[in-house]
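# Remarks on the overall topology
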Amino acid sequence: MDFSNITIEELKAQVNLEKLPRHVAIIMDGNGRWAKQHGKARVFGHKNGVTSVREVTEGAAELGIEYLTLYAFSTENWKRPATEVEALMLLLVQTLGREVATLNKNNIRLQAIGDISKLPPRTKKALLKGIEDTKHNDRMTLVLALNYSGKWEILEAAKKLSEEVEKGNLKTEDINDELFSNALSTQGIPDPELLIRTSGETRLSNFLLWQLAYAEFYFTPVFWPDFRKKHFVQAIIDYQQRERRFGKISEQVSK
Ligand code: FPP
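Residues numbered from 1 in each chain as written. Predicted model: local features only at pLDDT ≥ 70, side-chain atom pairs only at ≥ 80, totals over all residues. Heavy atoms only, no water.

### A word on the site of the ligand
Near the ligand, the surroundings consist of 19 residues, among which Asp29, Gly32, Arg33, Arg42 and Arg80 are the closest. The contact in question runs from an oxygen atom of the ligand to an N or O atom on the backbone of Arg33, over 2.7 Å. With the chains in place, 91% of the 630 Å² that the ligand exposes on its own is no longer accessible. The site holding the ligand turns out to be the largest pocket. Broken down by secondary-structure element, the contributors of at least two residues to the shell around the ligand are helix H2 (31-37), helix H3 (42-63) and helix H4 (82-105). (Near = heavy atom within 4 Å. Polar contact = N/O pair within 3.5 Å; in protein donor to acceptor, adjacent residues only side chain to side chain. Areas by Shrake-Rupley, 256 points an atom, 1.4 Å probe, with all protein chains shown as cover. 1 Å grid on protein atoms, 1.4 Å probe; cavity = no way out; pocket = protein on both sides within 12 Å on 5 of 7 lines; lining within 4 Å. Sits in = over half its atoms within 2 Å of the grid points. Helix = DSSP H or I, 4+ residues; strand = E, 2+ residues; numbered from the N terminus.)

Okay, here's the thing in structure tokens:
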């Protein structure tokens, strides 16, 4: 479908509010390439990416999405040049400091997944303050994946459960899907029904490996700093046109 001449209101009117995904996860990609296109340093892309974070968070809350998870920094991202890592960590401090009031105004709760203990003290402090200051909000939960990796999280869960087995609190044969899900950092959060990745890349990059088992994937060539509310709504409409079968056949799910 061609959405180029359509307004955000017209686009929103096409969304079936009865069939919204409860949880949308996003791999925000393309900041570096966007900056290069504009003849600027990579950090310029990250700074402009914050506008997209704001737009998409607002757009998701307006539609009535319950959970939005953003991949802000992966475990592998530490391998980037130190200056870029430092700039990203500082940007997080500044953004959290500035946006917590907006989150409160919009009744949005902030949460984080990932190994927060390894973040620079200032970033960790700003994040924990943001989580604390918004903990009573209940319109939508914004989950930031920071120093996160899916394999790390699965290993942590496996270790946690095996410790319980060693202590005699749990039997190996009792470990099931639900128990394992509850040992992950996304405990209590429903699995995302939709994953969006920007910038034309079609990889999962170690993101929510367990939780995305049945998710629909939506890839767009748009670089993250150009991604707006309109693009987000477009992804939701695309998702709603798909048939989710969970291993069954078409006739079984349409009943
Ligand atoms: C990927 O683009 C982007 C990141 C690794 C960082 C995302 C961070 C932000 C948008 C800013 C802060 C976020 C919050 C939640 C306040 P890339 O650098 O991999 O781009 P490239 O693939 O073009 O090099």
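### As for the side chain of Asn137
Relative to the helices and strands, Asn137 is located in the loop between helix H5 (121-133) and strand S4 (140-148). Taking relative accessible area as the criterion, Asn137 reaches 12% and is therefore assigned buried. At 2.9 Å, the side chain of Asn137 and the backbone oxygen of Ile108 are in polar contact. What Asn137 contacts, discounting residues up to four positions off in sequence, is Leu103, Asn104, Asn107, Ile108 and Arg109. (Buried < 20%, exposed > 50% of the residue type's maximum accessible area, 1.4 Å probe, protein only. Contact = heavy atoms within 4.5 Å.)

### A look at unusual backbone geometry
Phi is positive for Asn147, close to 50°, though the residue is something other than glycine. The residue Asn147 is located in strand S4 in this model. The residue Asn206 is not glycine, and still its phi comes out positive at about 65°. Position of Asn206 among the secondary structure elements: in the loop between strand S5 (194-197) and strand S6 (216-219).

### Observations regarding the environment of Gln240
Among the secondary structure elements, Gln240 is positioned in helix H8 (residues 229-240). Gln240 gets classed as buried once you look at its relative accessible area, which sits at 10%. Distance in space between the C-alpha atoms of Gln240 and Ala61 is 17 Å, their sequence separation being 179 residues. For Gln240, the residues in contact, after removing those within four places along its chain, are Gln14, Val15, Asn16, Lys19 and Leu20.

### Some thoughts on the pattern of salt bridges
Tallied over the entire structure, the rule returns 18 salt bridges. The shortest N-O distance in the salt bridge between Glu201 and Arg33 comes to 3.2 Å. Note that Glu201 is positioned in the loop between S5 and S6 and Arg33 in helix H2, a separation of 168 residues in sequence. When the shortest N-O distance is used, the salt bridge between Glu62 and Lys229 registers 3.2 Å. In this pair, Glu62 sits in helix H3 while Lys229 sits in helix H8, placing the two residues 167 residues apart along the sequence. (Salt bridge = Lys/Arg side-chain N within 4 Å of Asp/Glu carboxyl O.)

### A few points about the packing of aromatic side chains
Any aromatic ring pair is given by two values, namely how distant the centres are and how the planes are angled relative to each other. Summed over all chains, the structure comprises eight aromatic pairs. Geometrically, the ring pair formed by Trp34 and Phe44 is stacked, given 5.5 Å between the ring centres and 20° between the ring planes. Placement of Trp34 in helix H2 and of Phe44 in helix H3 is noted, with a sequence separation of ten residues between them. Among the aromatic residues, ring-to-ring pairing joins Tyr71, Tyr148 and Phe207 into one connected group. (Phe/Tyr/Trp six-rings, centres within 6.5 Å; stacked < 30°, edge-to-face > 60°.)

### Considerations on the nonpolar core
Ranked by size, the top nonpolar core spans 44 residues in total, and within it Val24, Ile26, Leu68, Ile196, Phe232 and Ile236 carry the most contacts. With seven residues, H4 is the single largest residue contributor to this core. The residues contacting Ile236, other than those within four sequence positions of it, are Val15, Leu20, Pro21, Val24, Leu63, Ile65 and Leu194. By size, the runner-up hydrophobic cluster in this structure holds 14 residues, among which are Tyr148, Ile189, Phe207 and Leu208. (Core = buried A, V, L, I, M, F, W, Y, C linked by side-chain atoms within 4.5 Å.)

### Comments concerning the sheet that holds strand S1 (residues 23-27)
Read from one edge of the open sheet, six strands run S3-S4-S2-S1-S5-S6, paired in parallel fashion. With one partner strand each, in any of the chains shown, strand S3 (108-113) and S6 form the two edges of the open sheet. This sheet shows a mean twist of 20° between the axes of neighbouring strands, independent of strand direction. Across six bridges, S3 lies against S4 in parallel orientation. Bridge pairing links Ile113 to Ala145 in S4. (Pairing = 2+ DSSP bridges. Axes fitted to C-alpha atoms, helices over the stretch in contact; angles between N-to-C directions.)

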